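Report on the structure
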Amino acid sequence: MMKKIYIAAVLVFLVINSFAQVKTTVTKSAISFKIKNMGISCTGVFNGLQADVQFKPADLTGSSITASVETATVNTDNEMRDNHLKSADYFDIATYPKITLKSVSFKHKSGDNYSGSFNVTIKDKTKLIEVPFTYIETSNIAVFNGSFKINRKDFGVGGNSMVLADEATVTVNTEISK
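All residue numbers refer to positions counted from 1 along the written sequence of the respective chain. With pLDDT at 70 or above as the cut-off, local features in this predicted model cover only qualifying residues; side-chain atom pairs require 80 or more to be listed or tallied, and sums for whole chains, interfaces and linings still use all residues. Values reported for side chains reflect all heavy atoms of the structure, with hydrogen atoms and water molecules removed beforehand.

Digging into the overall build of the protein chain
- Scanning the protein chain from N- to C-terminus turns up 2 helices and 9 strands.
- Helical segments are the DSSP runs of H or I of at least four residues, strand segments are the runs of E of at least two, and each set is numbered from the N terminus. When the helices and strands of the protein chain are read in sequence order from the N terminus, they spell out α-β-β-β-β-α-β-β-β-β-β.
- Accessible area is worked out with a 1.4 Å probe on protein chains only. A residue is then buried under 20% of its type maximum, exposed over 50%, and partly exposed in between. Looking at the protein chain as a whole, 33% of its 178 residues are labelled buried.
- The criterion used for residue contact is that any of the two residues' heavy atoms lie within 4.5 Å. Within the protein chain, contacts between residues separated by at least 24 positions form 52% of all contacts whose residues are at least 6 apart in sequence.
- What sets the accessible areas is the Shrake-Rupley method with a 1.4 Å probe; for residues, cover comes only from the shown protein chains. With an accessible surface of roughly 10900 Å², the protein chain has 58% of that area assigned to carbon and sulfur atoms.

Quick word on the side chain of Thr76
- Relative to the elements of secondary structure, Thr76 occurs in the loop between strand S4 (64-70) and helix H2 (79-86).
- In this structure Thr76 comes out as buried when scored by relative accessible area, which is 7%.
- Distance and chemistry together define a polar contact, namely a pair of N or O atoms within 3.5 Å, with one atom able to donate a hydrogen and the other to accept it when in protein, and with adjacent residues in sequence counting only for side-chain atoms on both sides. Side chain to side chain, Thr76 and Arg81 meet in a polar contact 2.9 Å long.
- Within the structure, Thr76 has its side chain in polar contact with the side chain of Asp82 (distance 2.5 Å).
- Those residues in contact with Thr76 that sit more than four places away from it in its chain are Phe33, Thr43, Gly44, Arg81, Asp82 and Leu85.

So, the layout of surface pockets
- A cavity here means a set of 1 Å grid points, computed over protein atoms only, where a 1.4 Å probe fits but cannot escape. A pocket is an open set with protein on both sides within 12 Å along at least 5 of 7 lines, and lining residues have an atom within 4 Å of a point. Grid points are joined across faces, edges and corners, and a volume is the space filled by probe spheres set on the points. In this structure, the largest pocket encloses a volume near 990 Å³.
- In terms of lining residues, the largest pocket is bounded by 45 residues, among which Ile31, Phe33, Phe46, Ile99 and Val170 are the most central.
- Note on residue classes: Ala, Val, Leu, Ile, Met, Phe, Trp, Tyr, Cys and Pro are nonpolar, Asp, Glu, Lys and Arg are charged, and everything else, Gly too, is polar. Across the lining of the largest pocket, the residue classes tally to 32 nonpolar, 11 polar and 2 charged.

Concerning the pattern of salt bridges
- Any carboxyl oxygen of Asp or Glu that lies within 4 Å of a side-chain nitrogen of Lys or Arg is treated as forming a salt bridge with it. Using the criterion set out here, one finds 1 salt bridge in the structure.
- Two residues, Arg152 and Asp166, come together in a salt bridge whose shortest N-O distance is 3.4 Å. Here Asp166 lies in strand S9 (residues 164-177) and Arg152 lies in the loop between strand S8 (141-151) and S9, a separation of 14 residues in the sequence.
- According to the relative accessible area criterion, Arg152 is buried, its value standing at 7%.

Quick look at the structure:
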């Protein structure tokens, strides 16, 4: 009888631990963008990345990443431009306070190189975007580095413009503790 209770307790413990979510904390993040404006590269950043990362290289189908950043944190080192980017013409921070990213699937390319399909939502418009990235894990730290292109017009950011490029490059560098 005691042996059956012990085995049942061990099984319950194993089941609970196998379904437990590993808590991740973003310890460092840099989300930057680059876009041409009047032929000149304009760069900026978003701060305060919040993320739930359940990435397991050995189980890509069971992996997931959900992340968001507040649009009000946009910073291009130019207050007048930042205020314009926060307006309804661009990110409309009063109506759309967050940009979100939610994984759909992952593929292993080679070595530390992966690719993820993500639903990216800006201004209540969602597009599926392929994001190539590297993933390097050491003890209890994991580092993600990726870069992808996005068409701002797909999300209603900036309207029609003859001086602002349609395509922006977004770079994400994130370190998480596990």
